[in-house]
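Close look at the chain arrangement
Single-letter residue listing:
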Amino acid sequence: QKEVEQDPGPLSVPEGAIVSLNCTYSNSAFQYFMWYRQYSRKGPELLMYTYSSGNKEDGRFTAQVDKSSKYISLFIRDSQPSDSATYLCAMRPSGTYKYIFGTGTRLKVLA
Amino acid sequence: GAGVSQTPSNKVTEKGKYVELRCDPISGHTALYWYRQSLGQGPEFLIYFQGTGAADDSGLPNDRFFAVRPEGSVSTLKIQRTERGDSAVYLCASSGGRGETQYFGPGTRLLVL
């Protein structure tokens, strides 16, 4: 079993839809949680960075961390075709800088 | 200012050859990371530098892989006796300090024939 599980998709939604992307993890020591967006043939780009549990909002993006369930989510409101990309979750424990990534979910927003 | 740059952008080599991949981090960033990303997978941690020293090299798959950062800025990932299974995109990232936001480069696509 992988430490971080993420559905690879692809996930197709119409423009304007609310998108929900999720990751589950097994290591209860993970404290820092990130979501990255990766366009084809590009490096990942950080979207959201959350420490421990709770919610964080930035524009159309909301990140949620539920440590009791070992489950994190990224919500994208009013999705746009330009949001079409692969979304990667990443996480690490305190005291180490070894980030563990999910496999990524491919998202397609249809115009 | 300039982002993280990596050279070459593509590298094709033959099985058994030696390759070097270069990473130029954002100026002033003390932390530097190397990752390997295979098709359809997320980045896999290889090594983390804080300054000139390798603070965590636990992700290097075997002793054919080695990385250096002699002056605390540019880093080189070295792969000896390449194997076809080494084919992947090698990503470099830098950050301003421990645990801060990582900025990724575009990657070097390595193909071992």
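Above this text you will find the structure in question.
Attention shifts here to the sheet that holds strand β3 (residues 19–25) of chain A. Residue and element names in this part refer to chain A. An order of β1-β3-β8-β7-β6 is seen for the five strands of this open sheet, with the pairing classed as antiparallel. Each edge of the open sheet carries a strand with a single partner, namely β1 (4–5) and β6 (54–58). Relative to strand β8 (residues 71–76), β3 runs antiparallel, the two sharing six bridges. Paired with Ser20 across the two strands is Phe75, which belongs to β8.

Before going further, it helps to spend a moment on the pattern of salt bridges. One pass over the full model with this rule turns up seven salt bridges over all chains. For the salt bridge of Arg60(A) with Asp83(A), the shortest nitrogen-to-oxygen distance reads 2.9 Å. One end of the pair, Arg60(A), is in the loop between β6 and β7 (61–66); the other, Asp83(A), is in the loop between β8 and β9 (85–93), and 23 residues separate them in sequence. Arg60(A) sits in the partly exposed class, given a relative accessible area of 26%. Close ionic contact of Asp86(B) with Arg64(B) constitutes a salt bridge, the shortest N to O distance being 2.8 Å. Pair noted here: Asp86(B) is in the loop between β8 (75–79) and β9 (88–95) and Arg64(B) is in the loop between β6 (53–56) and β7 (65–68), with a separation of 22 residues, a long-range link. Here Arg64(B) falls in the buried class, since its relative accessible area comes to 6%. Here the residues in one salt-bridge network are Arg64(B), Glu83(B) and Asp86(B), joined through shared partners.

What follows deals with the state of the cysteines. The tally for this structure, following the rule as stated, stands at two disulfides over all chains. Disulfide pairing places Cys23(A) opposite Cys89(A) at an S-S distance of 2.0 Å. Its S-S torsion of about -100 degrees marks the bond between Cys23(A) and Cys89(A) as left-handed, since a negative value means left-handed. Highlighted residues: Cys23(A) in strand β3 and Cys89(A) in strand β9, separated in sequence by 66 residues. For the residue pair Cys23(A) and Cys89(A), the accessibility class agrees, reading buried in each case. Covalently, Cys23(B) is tied to Cys92(B) through a disulfide, its sulfur atoms 1.8 Å apart. On the S-S bond that ties Cys23(B) to Cys92(B), the torsion sits near -65 degrees, and the link is left-handed. One end of the pair, Cys23(B), is in strand β3 (residues 19–24); the other, Cys92(B), is in strand β9, with 69 residues separating them in the sequence. For the pair shown, Cys23(B) and Cys92(B) are each scored as buried.

Parameters and conventions
Residues numbered from 1 in each chain as written. Chains lettered and ligands numbered in written order. Predicted model: local features only at pLDDT ≥ 70, side-chain atom pairs only at ≥ 80, totals over all residues. Heavy atoms only, no water. Pairing = 2+ DSSP bridges. Helix = DSSP H or I, 4+ residues; strand = E, 2+ residues; numbered from the N terminus. Salt bridge = Lys/Arg side-chain N within 4 Å of Asp/Glu carboxyl O. Buried < 20%, exposed > 50% of the residue type's maximum accessible area, 1.4 Å probe, protein only. Disulfide = S-S within 2.5 Å.

Functional significance is not addressed by these values, which are geometric in nature.
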